[in-house]
Amino acid sequence: MAQAVLFHSGKVPPAGWLAAIARLAPEIEVRTLDTLGDPAEIDVAISWRLPSGTFKHLTGLKLMQCSGAGVDQLLADPELPPDLPLARMVDPLQADEMVAFALWAVVEQHRDLARYRAAIQQQEWLFQPQTSMRSRRVGVLGLGAMGGKLAARLAALGFATAGWARTARTIPGVTVHHGAEGLAALLADSHILVNLLPLTRETRGLLNLSLFRQLPKGARVINLGRGPHLVEEDLLTALAEGHLASALLDVFTTEPLPEGHPFWSHPQITITPHIASLADPNHAAEQVVENIRRVRAGLPALNLVDRQLGY
Ligand code: NDP
Ligand code: OXD
């Protein structure tokens, strides 16, 4: 029986991925849903999320390769076969893009740039006293491929940096906390909190009012993980009561952000439309091709997700 790979893109046009895979591995036949042919011939599917009803036709599937770093959207799919190996993207260049974006976000919050933008709109030459990076404490939630790299870069730049993960580790220049008991210590000391956790049973709704109130008064929150990490109403409450000064959000419970949502025009909230970092097929296709070859050679895929942990 012929073997083929299914590529199904979400927001990204497929051409870049198809060309990158063809360049690296011309022997791999890649199909889309439009050119699917016999679905039983598909052994690897590459996608952010497959349309409802697709999995049941892919009877020869050996690997689901997520085209993104976060896999919550696939794990939430009730049609994802329970024993199907699921791999995620762990791409150093995607992590670098995230780090660059997150550094912008931290500096944006650290220097209160939204206030300058508002003043400039009014042709006001605003001056605000400056706080040094070394006295600005930044806490990073999640110290994986992206958060770990970010924490190291923030520390190298001079921010007083701490981080939180599930398990212990050492990152030079970074105060690392872990486990449920480590979270309170991190929060009490974070003027700027950056979320780069995966969305799991444990982390859903973590950014809530009780957590915000554990941050110092005037703290700022940056969410680059997933929308459902944040209880959106609680953010509005924490801003209204003056406990939080501002927030910068790239991800939302409902995407695209619905018309009329209060975040569109909230003066203390800066939003971006889930663009913090995307895997570039010209580089990321290498690990996808390697995984296809591994699966076809009977080897376990790289970057497999622990379905129990959810990341
Ligand atoms: P990783 O899996 O490499 O890292 C996850 C980190 O979170 C690890 O340090 C892990 O701890 C920690 N963690 C997980 N669960 C818990 C918990 N219950 N308590 C404390 N720490 C926990 O993920 P990445 O860094 O590659 O990506 C992180 C997330 O970023 C993705 O899941 C995705 O949601 C989001 N993302 C957003 C993008 C955007 O454009 N906005 C783009 C790409 C990713 P430990 O190390 O101990 O296992
Ligand atoms: C990802 C994303 O998880 O783009 O890669 O959000």
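This is a predicted model, so every value here is computed, not measured. Each chain carries its own residue numbering, running from 1 in the written order of its sequence. Chain letters and ligand numbers both follow the written order, the letters beginning at A and the numbers at 1. pLDDT decides what is reported in this predicted model: residues at 70 or higher carry local features, side-chain atom pairs at 80 or more are listed and counted, and totals for whole chains, interfaces and linings draw on all residues regardless. Side-chain calculation: all heavy atoms of the structure are included, whereas hydrogens and water are not.

### Examining the site of ligand 2
Thinking step 1. Near, as used in this document, describes a residue that has one of its heavy atoms within 4 Å of the molecule or strand being considered. As a structural note, the neighbourhood of ligand 2 is formed by W48, G68, A69, G70, Q94, R226, H274 and S277.
Thinking step 2. One of the backbone N or O atoms of A69 is found 2.7 Å from an oxygen atom in ligand 2.
Thinking step 3. Between H274 and ligand 2, the recorded distance is 2.7 Å, taken from a side-chain N or O atom to an oxygen atom. In the analysis that follows, any N or O atom pair within 3.5 Å is treated as a polar contact, provided that within protein one partner can donate a hydrogen and the other can accept it, and provided that, for residues neighboring in sequence, both atoms belong to side chains.

### Focus: the site of ligand 1
Thinking step 1. Around ligand 1, a shell composed of 29 residues is seen, among which R88, T167, R169, D250 and Y311 lie nearest.
Thinking step 2. Contacts to ligand 1 include G144, whose backbone N or O atom sits 3.0 Å from an oxygen atom.
Thinking step 3. In the model, an oxygen atom of ligand 1 is placed 2.9 Å from a nitrogen or oxygen of the A145 main chain.
Thinking step 4. In the complex, 92% of the free accessible area of ligand 1, which totals 940 Å², lies under the protein chains.
Thinking step 5. Three classes are used: nonpolar for Ala, Val, Leu, Ile, Met, Phe, Trp, Tyr, Cys and Pro, charged for Asp, Glu, Lys and Arg, and polar for all others, with Gly counted as polar. Here the residues of the shell around ligand 1 are counted per class, giving 14 nonpolar, 9 polar and 6 charged.
Thinking step 6. The two domains that each donate at least three residues to the shell around ligand 1 are domain 1 (4-91 + 279-296) and domain 2 (92-271). The method behind every accessible area is Shrake-Rupley, applied with a 1.4 Å probe, and residues are considered shielded solely by the protein chains displayed. Source of the domain bounds: an automatic or database domain assignment.

### Digging into the packing of aromatic side chains
Geometry of an aromatic ring pair is reported as the spacing of the ring centres plus the angle between the planes.
Thinking step 1. Pairing of aromatic side chains here covers Phe, Tyr and the six-membered ring of Trp, requires ring centres within 6.5 Å, and sorts the geometry by plane angle: under 30 degrees stacked, over 60 edge-to-face, intermediate tilted. Scanning all chains against the criterion turns up 3 aromatic pairs.
Thinking step 2. Measuring from centroid to centroid gives 5.2 Å for F101 and W104, while their planes differ by 65°, and the two rings are edge-to-face. With F101 and W104 both in helix 3 (residues 92-110) and 3 residues apart, this pair spans about one turn of that helix.
Thinking step 3. Relative accessibility decides the category of a residue: with a 1.4 Å probe and only protein chains considered, values under 20% of the type maximum give buried, values over 50% give exposed, and everything between is partly exposed. Given a relative accessible area of 35%, W104 falls into the partly exposed group.
Thinking step 4. A ring pair is formed by F252 and F263, whose centres lie 6.4 Å apart and whose planes are at 55°; its orientation type is tilted. What counts as a helix is a DSSP run of H or I of at least four residues, what counts as a strand is a run of E of at least two, and both are numbered from the N terminus.

### Here's the deal with the packing of helix 1 (residues 15-24) against helix 9 (residues 281-296)
Thinking step 1. Angles run from 0 to 180 degrees between N-to-C directions of axes, and those axes are lines fitted to C-alpha atoms, restricted for helices to the stretch in contact. Running from N to C, helix 1 and helix 9 cross one another at 60°; their axes reach a closest spacing of 9 Å. Taken together, the axes of helix 1 and helix 9 are oblique relative to one another. As for the relative orientation of helix 1 and helix 9, their crossing is right-handed in sense. Of helix 9, the residues touching helix 1 (which contributes G16, W17, A20, I21, R23 and L24) are P281, N282, A284, A285, E286, V288, V289 and R293. Oblique is the label for any angle not covered by the other classes, which are roughly parallel (under 35 degrees), roughly antiparallel (over 145) and roughly perpendicular (65 to 115). By definition, turning the near helix anticlockwise from the far helix through less than a right angle yields a left-handed crossing, and turning it clockwise yields a right-handed one. The contact definition used throughout considers only heavy atoms, calling two residues in contact when any of these lie within 4.5 Å.

### Focus on the nonpolar core
Thinking step 1. Residues belong to one nonpolar core when they are buried, are Ala, Val, Leu, Ile, Met, Phe, Trp, Tyr or Cys, and are joined through side-chain atoms within 4.5 Å. Grouped together as the largest cluster of nonpolar side chains are 28 residues, with contacts concentrated most on L141, L211, F212, L215, L235, L244 and F263.
Thinking step 2. Elements with a minimum of two residues in this core: strand 7 (160-165), helix 6 (179-188), helix 7 (209-214), strand 10 (219-223), helix 8 (232-240) and strand 11 (244-249).
Thinking step 3. In terms of residue count, the dominant contributor to this core is helix 8 (4 residues).
Thinking step 4. Apart from the residues lying within four places of it in its own chain, the contact partners of L215 are L187, S190, L193, V221, H243 and L244.
Thinking step 5. Membership of the second largest hydrophobic core comes to 27 residues, among which are V99, F101, L150 and A155.

### Structural notes on the domain arrangement of the protein
Thinking step 1. Domain annotation for the protein reports domain 1 (4-91 + 279-296) and domain 2 (92-271).
Thinking step 2. Here domain 1 and domain 2 have C-alpha centroids that lie 32 Å from each other.
Thinking step 3. Between domain 1 and domain 2, the contact holds 11 residues from the first and 8 residues from the second.
Thinking step 4. Once two parts are brought into contact, the accessible area they lose, counted with a 1.4 Å probe and summed over both, makes up the buried area. Together, the buried faces of domain 1 and domain 2 total about 770 Å²; carbon and sulfur atoms form 54% of this surface.
Thinking step 5. Contact with domain 2 buries area across many residues of domain 1, yet D72, D91 and H283 alone supply 58% of it, more than any other trio.
Thinking step 6. Any Lys or Arg side-chain nitrogen found within 4 Å of a carboxyl oxygen on Asp or Glu counts as a salt bridge. On inspection of domain 1 and its partner domain 2, the count reaches 1 salt bridge.
Thinking step 7. With a closest N to O distance of 2.8 Å, D72 and R226 form a salt bridge.
Thinking step 8. Linking domain 1 with domain 2 are 5 residue pairs in polar contact (both at pLDDT 80 or more).
Thinking step 9. In the side of domain 1 that touches domain 2, the residues fall into 5 nonpolar, 3 polar and 3 charged.

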